[in-house]
2 protein chains.
Amino acid sequence: MKIENPNPIEWQFSERASQLQSSFIREILKITQRPDIISFAGGLPSPATFPVEEMKAAFDKVLSNNGKVALQYGPTDGYAPLREWVANSLSTPDCTIAPEQVLMTSGSQQALDLLGKVLIDEGSRVLVETPSYLGALQAFSVYRPEFKSVATDEHGLVPSSIAPVAEGARLLYALPNFQNPTGRSLSVERRVELVETCARLGLPLIEDDPYGSLSYNGEPFPKMLNMNPDGVIYMGSFSKVLTPGIRLGYVVAPLPLVRRLELAKQAADLHTAQLTQMVVHEVIKDGFLERHIPNIRTLYGNQCQVMLDSMAEHFPKAVTWTKPEGGMFIWVTLPKQIDAMQLLDQAIAAKVAFVPGAPFYANEPETNTLRLSFVTVSPERIREGVAILGKLIAAQL
Amino acid sequence: MKIENPNPIEWQFSERASQLQSSFIREILKITQRPDIISFAGGLPSPATFPVEEMKAAFDKVLSNNGKVALQYGPTDGYAPLREWVANSLSTPDCTIAPEQVLMTSGSQQALDLLGKVLIDEGSRVLVETPSYLGALQAFSVYRPEFKSVATDEHGLVPSSIAPVAEGARLLYALPNFQNPTGRSLSVERRVELVETCARLGLPLIEDDPYGSLSYNGEPFPKMLNMNPDGVIYMGSFSKVLTPGIRLGYVVAPLPLVRRLELAKQAADLHTAQLTQMVVHEVIKDGFLERHIPNIRTLYGNQCQVMLDSMAEHFPKAVTWTKPEGGMFIWVTLPKQIDAMQLLDQAIAAKVAFVPGAPFYANEPETNTLRLSFVTVSPERIREGVAILGKLIAAQL
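Residues numbered from 1 in each chain as written. Chains lettered and ligands numbered in written order. Predicted model: local features only at pLDDT ≥ 70, side-chain atom pairs only at ≥ 80, totals over all residues. Heavy atoms only, no water.

## Observations concerning the state of the cysteines
Residues and elements named next belong to chain A.
- Enumeration over the complete set of coordinates arrives at 0 disulfides over all chains.
- In this structure cysteine 95 is a free cysteine whose sulfur lies 16 Å from that of cysteine 198, the closest cysteine sulfur available.
- Judged by its relative accessible area of 3%, cysteine 198 falls in the buried class. (Disulfide = S-S within 2.5 Å. Buried < 20%, exposed > 50% of the residue type's maximum accessible area, 1.4 Å probe, protein only.)

In structure tokens:
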């Protein structure tokens with residue numbers, strides 16, 4: 001019952017759609033998922049840490065006891081007991097976070113999209129670290145801001161670099177703990193200075209914190225949220241401490257903003273799966289994460305150390321790298337003349353993969369940088385892969 | 001460790017954010033969820049139809065056999081076997097839909113958001129039915145289009161009304177089967193005429209089809225997608241035939257568009273939960289829906305008939321209403337002088353609720369209309385509630 005001779009459509013996309021680019025990382029991942037390749041390119045948590053049995057038991061329990069509710073439409077702001085859990089987990093003796101400030105999202109990537117939607121007009125200035133998380137750059141790009149890069153050094157973001165570019169800025173986006181891509185953390189002194197600077201400038205500060213609890217020594221950094229809950233927007237996620245495939249994150253914000261984000265979410269996908277939220281609450285409500293997260297820390301910490309040791313052994317002296325105290329990534333700076341993109345071609349030919357650093361820069365990329373992840377690779381393969389990379393780098397010097 | 005004397009932030013929201021309004025329906029639902037109220041206001045499917053046991057068994061099976069994969073990050077376009085299932089279910093002898101044309105979404109609400117994001121610039125013309133689905137108006141509004149309403153009559157959308165307003169339009173949004181809110185369906189002749197008109201004008205036609213398989217007599221209408229797969233964008237959902245709380249829908253579009261939608265989804269939430277997609281595929285792959293959907297049809301068809309019979313008995317002669325052949329809604333037109341919003345206040349006082357029609361209009365609302373849903377109310381309570389409404393209406397004449 002097809003109609004005859006239809007005109008082919010000449011698609012006219014929105015100007016916004018022209019900003020859409022596939023994540024370079026996801027493109028690399030397609031190439032590097034072959035089992036013969038030693039891939040340091042991934043940003044995926046190790047499946048060895050996924051609590052499959054606990055999740056299975058919780059799905060069974062929630063569906064058995066409360067199936068009709070779990071499978072019905074739910075509230076846009078999220079499952080109330082889980083919002084309470086999040087609020088409690090973020091409250092400190094001198095800073096109480098209210099459940100009303102919590103909006104559950106479909107992964108923390110959705111929080112980035114909603115924040116962009118609600119805060120960014122075309123041409124709005126948006127401040128980001130140098131380098132910054134690629135997913136945030138992607139999410140914000142859709143709303144066509146003017147990105148301004150803020151300088152970072154080995155202690156993280158440099159607060160004194162903010163004021164000169166803050167005029168009219170809508171937000172500053174920061175990932176202070178074990179940053180993706182650099183693995184760096186913001187020092188405690190810098191946190192205070194950053195929060196004070198943003199408060200003085202009236203600049204909303206986004207604290208994106210997917211890796212905060214993955215500190216190898218178990219000592220968490222203080223949250224900037226708790227230093228100024230009226231000026232800091234906090235983003236959290238269950239992806240790195242439980243499992244990413246369920247797509248569950250949250251954003252915590254002052255009430256005027258969180259209500260706007262909730263309306264934006266209602267228009268975007270109504271709500272995040274009620275069943276998923278009930279199951280996660282069932283898994284974590286009695287302290288599971290306190291028992292589980294140390295295992296992840298140990299696994300990642302050991303593999304990080306193996307990679308650092310291998311790099312010290314195999315990388316030429318002219319190469320430098322970060323020494324993360326948590327999280328999933330190491331950032332490597334090559335001598336200026338080496339282009340990491342070209343090195344990647346050689347590396348893939350030698351069956352090793354990584355992510356070149358350039359896509360993580362909002363403005364001028366440093367093309368002699370690259371990101372390595374160690375969490376899904378065995379110690380033996382880490383040593384093997386780093387040795388190969390060392391040889392390829394040495395050959396270029 | 002709070003900082004001292006922070007400036008309160010003066011939030012500056014995007015112009016887009018000023019378009020955000022809470023769905024009037026969701027506001028009504030908050031009032032009407034009290035058990036003493038007979039609510040015809042809902043748009044929720046009946047939980048009596050949720051296949052809890054089948055879902056539970058499928059979660060158990062998927063997590064047991066494939067837990068590590070199900071809980072890991074997944075591809076943005078969706079779980080390949082489910083995309084294949086969708087493509088097969090939409091293919092006809094003379095129109096093959098390819099899995100590559102299918103993008104899985106977090107409910108079909110997300111498909112509306114992604115379509116708005118990729119197709120609508122500020123001020124772009126967007127054509128909608130009169131009245132239209134509120135969730136679509138909300139999703140598109142965020143991107144600040146100029147809505148133009150296209151006339152409808154008892155056979156649905158009037159194709160000859162399109163050309164006069166089609167100049168520069170980016171899309172026409174239609175819900176041809178058992179429409180929300182009117183319960184009306186587009187006649188087969190009209191479908192052909194509509195598809196031909198849009199093809200002639202080079203106008204992308206969105207066919208939103210959440211209720212298509214809920215035809216009370218079991219006979220589905222032909223899909224406009226199959227009449228012109230190069231010009232029709234099809235949206236489907238598992239919310240009304242399986243369960244809404246898992247948030248799973250899909251959009252089927254020509255390749256140039258579906259690739260843009262995929263990039264927009266990557267920036268919006270990376271991907272829809274892999275576990276959910278694997279579980280739904282597990283539940284439906286061997287023909288479950290063919291056995292399950294007839295039960296939903298029978299339940300809804302019977303309750304629709306009870307409501308239609310009660311209305312014939314209790315509503316004054318000056319009131320008219322649609323006679324749906326499927327779906328979840330009846331649309332009532334009161335005499336012009338009655339304002340449904342005022343009637344709602346009286347109805348709630350008398351412990352009956354419905355949704356006034358005005359919010360479903362993109363442009364001039366007809367304030368003497370209202371929407372009734374019968375799917376979550378027992379026959380006895382349907383009779384009781386309709387009798388009360390009939391008295392309230394009669395008292396105004």
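## So, the sheet that holds strand E10 (residues 249–252) of chain B
All names here are of chain B.
- Across the sheet, 7 strands lie side by side as E2-E10-E9-E8-E7-E3-E4; this open sheet has mixed pairing. Pairing within the sheet leaves two strands with one partner each, and these edge strands are strand E2 (102–105) and strand E4 (146–150). Ignoring strand direction, the axes of neighbouring strands in this sheet form an average angle of 20 degrees.
- Where E2 lies against E10, 4 bridges are found, and the strand directions are antiparallel. Its bridge partner lying in E10, valine 102 is registered against valine 252.
- Contacts between helix H4 (residues 107–119) and the sheet are confined to E2, strand E7 (169–174), strand E8 (205–208), strand E9 (232–237) and E10, with E9 contributing the most and set at about 155 degrees to the helix. (Pairing = 2+ DSSP bridges. Helix = DSSP H or I, 4+ residues; strand = E, 2+ residues; numbered from the N terminus. Axes fitted to C-alpha atoms, helices over the stretch in contact; angles between N-to-C directions. Contact = heavy atoms within 4.5 Å.)

## Section: the relation of the copies chain B and chain A
- Note on the copies: chain B fits chain A at an RMSD of 0.0 Å, the axial shift is 0.0 Å, and the rotation between them is 180 degrees. Between the two chains, the operation in question is that of a two-fold axis. (Least-squares fit on C-alpha atoms with pLDDT ≥ 70 in both.)

## Examining helix H11 (residues 340–349) of chain B
All names here are of chain B.
- For H11, the complete set of buried residues consists of Ala340, Leu343, Leu344, Ala347 and Ile348. Each buried residue of H11 sits inside an arc of 135 degrees when the element is viewed along its axis, so together they form one side. Along H11, exposed side chains directed more than 90 degrees from the buried face belong to Gln342, Asp345 and Ala349.
- Here the buried face of H11 lies against helix H1 (24–32), strand E13 (352–353), strand E14 (355–356), strand E15 (369–373) and helix H12 (379–395). (Arc of directions from axis to C-beta.)

## Details of the environment of proline 210 of chain B
Residue and element names in this part refer to chain B.
- Along the chain, the position of proline 210 falls in the loop between E8 and helix H7 (224–227).
- Residue classification places proline 210 among the buried positions, given a relative accessible area of 10%.
- Along the primary structure proline 210 and leucine 175 are separated by 35 residues, whereas in three dimensions their C-alpha atoms are 8.4 Å apart.
- In this structure proline 210 touches Leu175 and Lys240, once residues within four positions along its chain are discounted.

## Topic: the sheet that holds E15 of chain B
Residues and elements named next belong to chain B.
- Strand order across the open sheet formed by 4 strands is E11-E12-E15-E14, with antiparallel pairing between neighbours. Edge strands, defined here as strands with exactly one partner in the open sheet, are strand E11 (320–321) and E14.
- Bridging between E11 and strand E12 (residues 329–333) involves 2 bridges; their strand directions are antiparallel. Paired with tryptophan 321 across the two strands is valine 332, which belongs to E12.
- The strands touched by helix H10 (residues 288–314) are E11, E12 and E15; relative to E12, the strand with the most contacts, the crossing angle is about 20 degrees.

## Looking at empty space enclosed by the protein
- Enumeration according to the criterion identifies 8 cavities of 30 Å³ or more in this entry.
- Surrounding the largest cavity, 14 residues form its lining, Ser106, Ile246 and Arg247 of chain A together with Ser106 and Ala273 of chain B being those nearest its centre.
- Here the residues of the lining of the largest cavity sort into 4 nonpolar, 7 polar and 3 charged.
- If you trace the second largest cavity, you find 13 residues lining it, with Glu129, Gly156, Leu157, Leu175 and Arg184 of chain A closest to the centre.
- Considering only residue class, the lining of the second largest cavity consists of 6 nonpolar, 5 polar and 2 charged. (1 Å grid on protein atoms, 1.4 Å probe; cavity = no way out; pocket = protein on both sides within 12 Å on 5 of 7 lines; lining within 4 Å. Points joined across faces, edges and corners; volume = space filled by probe spheres on them. Nonpolar A, V, L, I, M, F, W, Y, C, P; charged D, E, K, R; others polar.)

## As for the UniProt feature "domain: Aminotransferase class I/classII large" (unreviewed entry) in chain A
- Listed under "domain: Aminotransferase class I/classII large" (unreviewed entry) in the UniProt record, and renumbered for this structure, are residues 49–387 of chain A.
- Each end of residues 49–387 of chain A is marked by a C-alpha atom, and these two atoms are 27 Å apart; helix forms 40% of the span and strand 16%. (UniProt positions renumbered as here; feature names shortened; annotations may be inferred.)

## Some details on the environment of threonine 243 of chain B
- Summarising the element assignment, threonine 243 of chain B is placed in the loop between E9 and E10.
- Leaving out residues up to four positions away in the same chain, threonine 243 of chain B has contacts with Leu71 of chain A together with Phe50, Pro51, Met55 and Phe238 of chain B.
- In terms of polar contacts, threonine 243 of chain B uses its side chain to reach the backbone carbonyl oxygen of leucine 71 of chain A, at 2.8 Å. (Polar contact = N/O pair within 3.5 Å; in protein donor to acceptor, adjacent residues only side chain to side chain.)

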